[in-house]
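# Residue-level structural notes
The lines below spell out each chain.
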Amino acid sequence: MSAGEHPCFHCGEPIPRGLVIHARIAGRDEPVCCHGCKAVAEFISGAGLGDYYKYRDTSSTRADEPPRPDRWAAYDRPELVERLTRAEPNGARSITVLLEGLRCAACGWLADKALSQQSGVLDVSVNPATARARLVWEPSKVRLGDLLRVLEHVGLRPHPLAGEPSEQMALLERRDALKRLAVAGFGNMQVMMFAVPLYFAASQGMDPTMREYMRLVSMLVSIPVALYSGWPFYRGAWVALRSRSISMDVPVSLGIILAFLASVWNALTGTGEVYFDSVTMFVFFLGLGRYIEMIARHRAGSVADALARLAPMTARRVRGGVTEDVQAMEIAVGDELVVRAGEVFAADGVVLEGEGRVDESMLTGESNAMAKPPGALVHQGTHNLATPLRVRVTAVAGNTVLSGIVALLERAQAERPRLAKAADRAAAWFLGRILIGAAIVFAVWWYVDPSQALSATLAVLVVTCPCALSLATPTALAAATAALARRGVLVAHTDAIESLSKATHVLWDKTGTLTRGLVRVEDVRTHGDVTSQQALEWAASLEQLSEHPIARAFTVTGAPTVRATTVEVHAGRGLEGRIDGHLLRIGTRTFTDALHAGAQHASGHAGHDAAADAASGESWVYLGDETGLLAAFRLADPLRPEAGQCVAGLAALGLPSEIVSGDEAGAVARIAERCGIERQSARLRPQDKLERLKALQGAGAVVVAVGDGINDAPLLRGADVAVAMGRGSALAQTSADLILVRESLDDLPHTVELARRTQRIIRQNLGWAIAYNLAALPLAALGFVPPWLAAIGMSLSSVVVVLNAMRLSRGSPPQRRPVWPANPRAEAA
Amino acid sequence: MEILYIMIPLGLVLVAFGLWAFFWATGSGQFDDLDSPGWTVLEDDKAPPPDDASRKDDSR
């Protein structure tokens, strides 16, 4: 195949044939795919952090371009840094940084080590789960800009975050819930210890004083459980009652309060039974379920942060002829900003000066750069590629297009999963019946035997606790979501898990999903005595100044050592320029041939090449001079190495794949053949894709759509399950149910499998909960079940449900790829 | 069995101490990230000279 023998040492991607770049690591030359990866790999090894390559379990992010130290210049200015960061004791400052490319715990280790080596760094805590690092440093010893440069040098692009109130609140919420849970857990264990002897007190003839003593101690331990751990339930119930609705919290609170007060009364007066064991166990297990759900909710929240990283925190403002770096939030509508090439727009605006080209792929998915003449609109978060632009700001903060998308996403996340809601509705319905039933039981017993009335009523309330029923779905979904998150699959809409388990077809948009979505040089054929290395260098220096998407394929390999002068653009044909006085052309065959029209030594095989190239439907670019053709480059959007395996895996699960692409038929057919897809259609417009989808759905299919660009948004919205790639456009991600963060297609068949297992487990859980409740209710109502037995039965039924759900988080650990020295992807490619 | 009048309060004191320790640990962020600390044991304590760590691998 076209890829070189070895994958890139750093990022694991195939190295274009003919390209020879080596990184000097531990006295050995390791092949890398671009100068960016070379710089990163040499820095990591040079800093004594080579262990990283042993520990990591996924390949690193492709560096694309060598680090650019000037990007962080704004963070060297103390007064700006002061406003962006938080004060710590002893004059230190702290900031939270989102690290792009932080994929595994080894990356976290790398960031930690690299930063800790810097003098003046007081504390670094990296959290791989949230891709965040918190830095504490002494401004007098080291500048923030330098720390950010270190992070960029090791291949983790930092995005400083200001404030971050939502993350902080989530953290406090988690800690608070954990403390309440701990009190309930400790309390429950203690109370159970006293409860067991009390159960047998009567039959074994316990000393009455000892019995009283143990009951009072149980009460003492239960008070914090009922008041502190149970507080969230009472608050929830109060909120629900005030809005004249009934939620799970109402009967739960009623049960806790009733049983607790009755027990306190009995303990103090020395009469009847105490139910402290039931109360504490009830609070503990309900709290545990809530805690698991909260963790899953917080984890899913990180998608919004991933979007926030798109907007820069600083901007360069021109005011009264003075240019100054300011914080992004200080920019006002009407300000003038200077955005240099390579920078990201901090606000929406209108171009005043400069002929720009802007990469808007993060908003639109359109991979070709957009021309931005004066008067054109530019958007926050998009990337200025070519020339400096002067921009007048038209929208800031909450009014930009980017923040609109973020808001959309946040709203989508705030909705609770549909499936879990259905379970809650079922539980609420069930609860209404239980409360009525309990009242009837109480009334009947009051007539028959008043001394048994409270006990039987409590047994009904406790034994039929619908918590097993209401835990059945959320625990399974939470376990599945957590297991998927560990694999790098983010579940944005939990109900997608149900749809995915029923899926019958997979529709692929080819570009960016089956392929990488980046045009690269796949093959170099040289003519005469030119080496491929030389040809690539020349091509790169000619293309250096061009913003044509094809130019990226050449320049991505890094800064060339030779410089081209007097480069002229011949629109639609190619580029002409001089390197060391040597006149060269790059572009279409006729364009390069025109240069040596007189020289007839254009060899036979070169001519043969062109005909064959044209027939194959492949995309070739030629480099020539006055003597003839020097080299031919085959450009392609390379297939992801694991694509074939993924398609086969899905087929084995009964999900046939089909390509719906807007690309040319030849390119689509080639990709389809290489990954074993039989059905394909090419040259489709977005509405055609949607039509194909509707046709399938009309025939009863449940369709999974995988896409990454704006042109896929209709397809994704229409699909039963929408899957987007981690680096796809923001719009594609907001329409998606699942996001493959690691961009590894291997994850897809595993996700389908896990979704099916999840559904099985939910069904088992619901079946168990309903069967248990149906069996226990009549027994409790007839007074055969003492409250302590009811509590054990109820707790056990909940524990069964939770343990059954936990089976989902085991079983399919993420696959480790051996990464040193070779990468198995090479064989796959 | 009178010993229980002393042992139970003593046990409760221990429980209270355990809870206090748990609260302290939670408050200081011990439970915020349960995944990555497992990796810290892989670190070498003494700073290796540049390239040393990777050379070990070559010998495989």
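Cut-offs and rules
- Residues numbered from 1 in each chain as written.
- Chains lettered and ligands numbered in written order.
- Predicted model: local features only at pLDDT ≥ 70, side-chain atom pairs only at ≥ 80, totals over all residues.
- Helix = DSSP H or I, 4+ residues; strand = E, 2+ residues; numbered from the N terminus.
- Contact = placed C-beta atoms within 7 Å.
- Buried ≥ 20, exposed ≤ 12 C-beta atoms within 10 Å, placed from the backbone.
- Pairing = 2+ DSSP bridges.
- Axes fitted to C-alpha atoms, helices over the stretch in contact; angles between N-to-C directions.
- Expected span 1.5 Å × (residues − 1).
- Bend = angle between axes of the 7 residues up to and from the residue.
- pLDDT = per-residue confidence, 0-100.
- Core = buried A, V, L, I, M, F, W, Y, C linked by C-beta atoms within 7 Å.

Here we take up the overall build of chain A. The number of helices and strands found in chain A is 31 helices and 29 strands. Long-range pairs, those at least 24 residues apart, make up 67% of the contacts in chain A between residues at least 6 apart in sequence.

Helix and strand counts for chain B stand at two helices and zero strands. Of all 60 residues assigned to chain B, the portion counted as buried reaches 3%.

All names here are of chain A. Across the sheet, six strands lie side by side as 19-24-23-22-21-20; this open sheet has antiparallel pairing. Edge positions in the open sheet fall to strand 19 (520-526) and strand 20 (564-570), since each of these has one partner strand only. Across the sheet, the mean angle from the axis of one strand to that of its neighbour is 20°, orientation sign disregarded. Direction of pairing for strand 19 relative to strand 24 (residues 628-636): antiparallel, over a ladder of six bridges. Residue pairing for strand 24: Val 521 is matched across the bridge by Leu 635. Packing against the sheet, helix 20 (residues 532-543) makes contact with strand 19, strand 20, strand 21 (574-579), strand 22 (582-587), strand 23 (619-625) and strand 24, and its axis sits at approximately 125° to strand 19.

Further remarks concern helix 8 (residues 208-229) of chain A. The end-to-end C-alpha separation of helix 8 of chain A is 31 Å, in line with the 32 Å expected for 22 residues at 1.5 Å each. Approximately 30° is the largest bend angle found in helix 8 of chain A, and it occurs at Ser222(A), with the proline Pro224(A) only one to four residues beyond.

All names here are of chain A. In spatial order, the strands read 17-29-28-27-18-25-26; together these seven strands make up an open sheet with mixed pairing. Looking at strand neighbours, the two that pair on one side only are strand 17 (489-491) and strand 26 (679-681), the edges of this open sheet. Pairs of neighbouring strands in the sheet enclose a mean axial angle of 20°, with direction left out of account. Sheet topology note: the strand 27 (residues 703-707)/strand 28 (residues 721-725) ladder contains four bridges and is parallel. Paired with Val 706 across the strands is Val 723, a residue of strand 28.

Residue and element names in this part refer to chain B. When the pLDDT values of chain B are averaged, the result is 73; 58% of them are 70 or greater. The low-confidence segment residues 46-60 (pLDDT under 50) makes 24 contacts with residues lying over four places distant or belonging to another chain. Prediction confidence for the complex, expressed as pTM and ipTM, is 0.55 and 0.74 respectively.

So, about the pairing of strand 11 (residues 348-353) of chain A. Residues and elements named next belong to chain A. Pairing of strand 11 with strand 16 (residues 389-395), which is carried by five bridges, proceeds in the antiparallel orientation. Note on strand 16: the bridge partner recorded for Val 350 is Arg 392. Direction of pairing for strand 11 relative to strand 14 (residues 377-378): antiparallel, over a ladder of two bridges. Bridge pairing links Val 350 to Leu 377 in strand 14.

It is worth spelling out the nonpolar core at this point. Residue and element names in this part refer to chain A. Val 704, Ala 705, Val 723 and Leu 738 are the most contacted members of the largest nonpolar core, which has 74 residues in total. Examining the composition of this core, we find that eleven residues originate from one element, helix 29 (residues 747-781), more than from any other. In this structure, Ala 705 is in contact with Leu 507, Leu 693, Leu 715, Leu 716, Ala 719, Ala 722 and Val 723, ignoring residues within four places of it in sequence. Among the nonpolar cores identified, the runner-up in size contains 41 residues, and Ala 41, Ile 44, Tyr 53 and Val 124 belong to it.

Residues and elements named next belong to chain A. Along the polypeptide, Pro 158 turns up in strand 7 (residues 157-161). Taking the C-alpha atoms as reference points, Pro 158 and Ala 133, 25 residues apart in sequence, are found 9.2 Å from one another. Those residues within four positions of Pro 158 in sequence are excluded, and the remaining contacts are Val 97, Leu 99, Leu 148, Leu 151 and Glu 152.

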